[in-house]
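Listed below are the residues making up each chain.
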Amino acid sequence: MNFIWIDWVTVITFLVLTTGVALATRRLISDYDSFLLAGRTLKLYLAMATMGATELGLVTLMYFSQQGYNSGFAAFSIGVIALIGFMFVGRTGFIIKGLRDLEVRTIAEFFGRRYNRSTQVIAAIITFAAGLMNMGLFLVLGAKFLLYMVGFPPDMLPYLMAGLLLLVLGYTVVGGMVSVVLTDYAQFVILFTSVVFTTYFAITHVGYDTVIDTVQREYGAGGFDPFISDDLGWLFIIWLIFGIPFTGMWPPALSRALSTVDSDTSKKLYSFVGLSFLGRALMPMMWGICALTYFAGVDAIPLPMWDGAPDTAAAMPAYLSQILPAGVRGLMVAAALAAMMSTFDSYLLCWSSILVNDIVLPLRPKMTDREKITLTRLAVVACGIFVLSWGYLYKPPETFFRFMAITGTMYSASVLLTTAAGLYWKKANTVGTLTSLVVAGTLPLTTIFLGHSDILPLEYRWMVKDKVVGIATFISSLVCMVVASLLTQKSHPPKVLAPREGVTT
Amino acid sequence: MSGWQILWTGALGVSVILFFVVEVVVVVGGASDIKDMLASLREHASEDAKKPS
C-alpha cells in the first residue's frame with residue numbers, strides 16, 4: 001500500500017464535502033430546466049469552471065498520459081490541434097451560437113425543429129450510442145489509476161469500478177445540474193492546482209534532459225515529429241484536422257454552452273477555456289513521457305503487466321505513486337477523484353437527458369416535469385450499469401485515446417456535420433441528413449468491432465484502421481449530405497426555420 | 001536541441017502559463033457567479049412554490 005494516513009484524510013475530507021453539496025442543493029430543483037440546465041443561469045466564469053472540470057477528467061489524464069508514453073513528444077500535436085479548434089469555435093461561434101440562439105436543450109432537439117421527429121430520434125440514438133461507448137472506458141481507467149496510486153492488489157479492479165460508479169450515481173441522481181455545477185467549481189480548483197504541481201514533480205524527478213534523451217533513444221526522430229511517428233503519422237494528423245471545426249462539441253461540453261445566459265457568453269466560454277486545453281493535453285502527456293523515462297531507467301520498479309503484456313495505461317499512476325511525496329499523493333488522488341466525478345456525472349446526466357428529451361419525449365410528449373426528472377434519474381442509473389459492464393468486458397484497440405477519437409468521429413462526422421449543414425446551408429433536407437447520419441454513424445463501428453479481430457483477411461485490414469476509417473467517415477458524410485440533399489430538393493423541400501427561431505431564413 | 005524539441009519545450013511552457021492564468025481568472029470570477037446562480041434558482045423555486053398546483 002502506497003498511502004499513509006495523511007493521504008487518506010485528504011481524500012476522505014474531499015469526498016465528504018463534495019457529496020454534501022449535492023444534498024444541500026436538492027431543494028433548489030423546482031423544474032426540469034433547473035435539474036438539467038441549472039435554469040440556464042450559468043455566467044461566464046462559472047461556465048468556464050464547470051466546462052474546464054468536466055473536460056479534464058481522470059480518463060483524460062489517463063489516455064493522454066498513455067499517448068505520451070506511446071508517442072513521446074509527437075503526441076503534443078494533439079493538444080495544439082485542440083487549441084486551434086477551440087480558438088476557431090470561440091471566434092466564429094460555429095454551431096454553438098446557432099444552437100444557443102435557438103434555445104434547444106440538446107443537439108438532437110435541433111434536428112426535430114429543422115427536420116422532423118424521425119431525424120431527431122436517429123440523431124439522438126447515434127449520439128447516445130457513440131457517447132455510451134466512449135464513456136464505457138471511464139470507470140476502468142479511473143479504477144486503474146486508483147489501483148496503482150493507492151497500491152491496491154490488481155484483483156480489486158472490479159470492486160473499485162463498482163465503488164466509483166456508486167459514488168457518482170449518488171449525487172448526480174440527487175442533485176442534477178445544480179450540484180454538478182457547484183461541485184465542478186470546487187473540483188476545478190483542486191484539479192487544476194494538482195495538475196500543475198504534479199507536472200513539476202514528474203519532470204524534476206527524472207530531469208528534462210534525461211527525458212529528451214530517452215525519447216530520442218526509444219522512438220528516434222518520430223518521438224518528436226508527429227508526421228513521421230510510427231504511432232501517429234500523416235493520416236492521423238489529417239484525421240484530427242478534419243475534426244477542428246467540431247472541437248469541444250461533445251454533448252456534455254455543448255450542454256455548458258447551452259446553459260449559458262446568452263450566445264455571446266457561449267463564444268467567450270470557448271475562447272477562454274480553450275486556452276487551458278493545451279495544458280489539459282500536454283501536461284498529462286508529459287507525465288506519460290516522464291513515466292517512460294522512469295521505467296527505462298535501471299532503478300525503476302517493473303512496469304505493471306495486464307493480460308501478460310506491459311500495461312502502458314498504468315505507467316503514469318505507477319510512476320506518480322513512486323515519486324510524489326506523502327500528502328501530495330493524497331491531494332493528487334483527491335484531484336483525480338474530482339476529475340473523474342466532475343466528468344462522469346456530467347456525462348451521465350447528458351446521455352440520460354438525450355435519452356429522455358430526444359428519444360422518449362417525441363413518443364410521449366405530455367410528460368410532466370416531475371415524470372421527466374424521475375425518468376432521467378432512472379436513465380442515469382441504467383447508463384451507469386452499462387458503463388460498468390462495457391468497461392469490464394471490452395478490450396479497446398491500440399491506445400485509449402485512439403478509441404476515444406474514433407467514437408468522437410462517429411458523433412462529429414454524423415451529428416455535428418449535419419447540424420452545421422442544417423444551420424448554414426439552406427438546401428440541407430431530411431433525406432440528405434438521414435443518409436449522412438446513417439453512413440457516418442455506422443462506418444466507425446468497423447474499427448471499433450473489427451479493428452483488432454482476425455475476421456478480415458490480412459490484406460484488407462488496413463481498411464478498418466482507425467485513421468483510414470476516421471477520414472473516410474468525414475468525407476463520405478459530407479458527400480452523402482450534399483448529393484442526397486441536392487437530388488431530393490423537389491420531393492423533400494427543405495424546412496425553413498422562422499427568423500426568430502434560428503439563423504436560417 | 002532540434003527544431004521539434006524546441007517547439008515542444010516552448011509549447012509545454014506556454015501551456016503551463018495559460019493553464020495557471022485560466023485557473024486564477026475562473027476561481028476569482030466564479031465565486032460571484034455562484035452567488036448569482038443560487039439567488040436566481042432560489043427565486044425561481046419560491047415562485048414555483050407559490051403557483052397553484
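Residues numbered from 1 in each chain as written. Chains lettered and ligands numbered in written order. Predicted model: local features only at pLDDT ≥ 70, side-chain atom pairs only at ≥ 80, totals over all residues.

Attention now moves to the overall build of chain B. Secondary structure assignment for chain B yields one helix and zero strands. By residue count, 23% of the 53 residues in chain B fall in the buried class. (Helix = DSSP H or I, 4+ residues; strand = E, 2+ residues; numbered from the N terminus. Buried ≥ 20, exposed ≤ 12 C-beta atoms within 10 Å, placed from the backbone.)

So, on to the overall build of chain A. The secondary structure content of chain A amounts to 21 helices and two strands. Since a compact globule built from 505 residues should have a radius of gyration of about 23 Å, the 22 Å found for chain A is in line with a globular shape. Taking the principal axes of the C-alpha coordinates as reference, chain A spans close to 70 × 60 × 40 Å. Among the 505 residues that make up chain A, the fraction classed as buried is 60%. A fraction of 84% describes how many contacts in chain A between residues 6 or more apart in sequence connect residues 24 or more apart. (Rg over C-alpha atoms; globule rule 2.2 N^0.38 Å. Contact = placed C-beta atoms within 7 Å.)

On average, residues of chain A carry a pLDDT of 84, and 91% of them reach 70 or more. Throughout residues 499–505 of chain A the model reports pLDDT below 50, and contacts reaching past four residues in sequence, or to other chains, amount to 15 contacts. (pLDDT = per-residue confidence, 0-100.)

Turning our eyes to something else, we now look at helix α18 (residues 369–393) of chain A. Owing to its 3.6 residues per turn, the α-helix brings residues three or four apart onto one side. Helix length check: α18(A), at 25 residues, gives a terminal C-alpha distance of 36 Å against a target of 36 Å (1.5 Å per residue), a fit within 8%. Regarding α18(A), the residues found buried are K372(A), I373(A), T376(A), A379(A), V380(A), C383(A), G384(A), V387(A), L388(A) and G391(A). (Expected span 1.5 Å × (residues − 1).)

By size, the foremost hydrophobic cluster in this structure holds 173 residues, and its most contacted members are M48(A), L141(A), L191(A), C290(A) and A336(A). Counting residues per element, this core draws most heavily on helix α17 (residues 328–360) of chain A, at 20 residues. Apart from residues lying up to four places away in sequence, M48(A) is in contact with L269(A), F272(A), V273(A) and V26(B). (Core = buried A, V, L, I, M, F, W, Y, C linked by C-beta atoms within 7 Å.)

Here chain B averages 81 in pLDDT, and 81% of its residues register 70 or above. Overall fold confidence for the complex sits at a pTM of 0.85, while the interface term, ipTM, reaches 0.81.

In this model, helix α14 (residues 263–275) of chain A (13 residues) spans 19 Å end to end at C-alpha, consistent with the 18 Å of a helix rising 1.5 Å per residue. Of all the residues in α14(A), the buried ones are S266(A), K267(A), L269(A), Y270(A), F272(A), V273(A), G274(A) and L275(A).

Now for the packing of helix α8 (residues 117–135) of chain A against α17(A). Helix packing geometry: the angle between the two helix axes and the distance between the axes. Residues and elements named next belong to chain A. The interhelical angle for the contact between α8 and α17, taken along N-to-C directions, is 160°, at an axis separation of 9 Å. Taken together, the axis directions place α8 and α17 in an arrangement best described as roughly antiparallel. Every pair of crossing elements has a handedness; the one defined by α8 and α17 is left-handed. From α8, Q120, V121, A124, I125, T127, F128, G131, L132 and M135 reach across to α17, where they touch Y347, W351, I354, L355, D358 and I359. The residue inventory of the contact of α8 with α17, partitioned by class, reads eleven nonpolar, three polar and one charged. (Axes fitted to C-alpha atoms, helices over the stretch in contact; angles between N-to-C directions. Parallel < 35°, antiparallel > 145°, perpendicular 65-115°, else oblique. Left-handed = near helix turned anticlockwise from the far one by under 90°. Nonpolar A, V, L, I, M, F, W, Y, C, P; charged D, E, K, R; others polar.)

Residues and elements named next belong to chain A. For I95, which is not glycine, the phi torsion reads 70° and is therefore positive. The topology assignment puts I95 in the loop between α5 (76–92) and α6 (96–102). Backbone geometry at E103 places phi at a positive 60°, although glycine is not the residue there. Mapped onto the elements of the fold, E103 is located in the loop between α6 and α7 (107–114).

Residue and element names in this part refer to chain A. Between helix α9 (residues 138–151) and α17, whose axes approach to 11 Å, the crossing angle comes to 175°. Viewed along their axes, α9 and α17 adopt a mutual orientation that is roughly antiparallel. Across from F138, G142, F145, L146, M149 and V150 in α9, the residues of α17 making contact are R329, V333, A336, M340 and F344. In terms of residue class, the contact of α9 with α17 is built from nine nonpolar, one polar and one charged.

Along the polypeptide, V16(B) turns up in helix α1 (residues 3–50). The partly exposed category is assigned to V16(B), around which 19 C-beta atoms lie within 10 Å.

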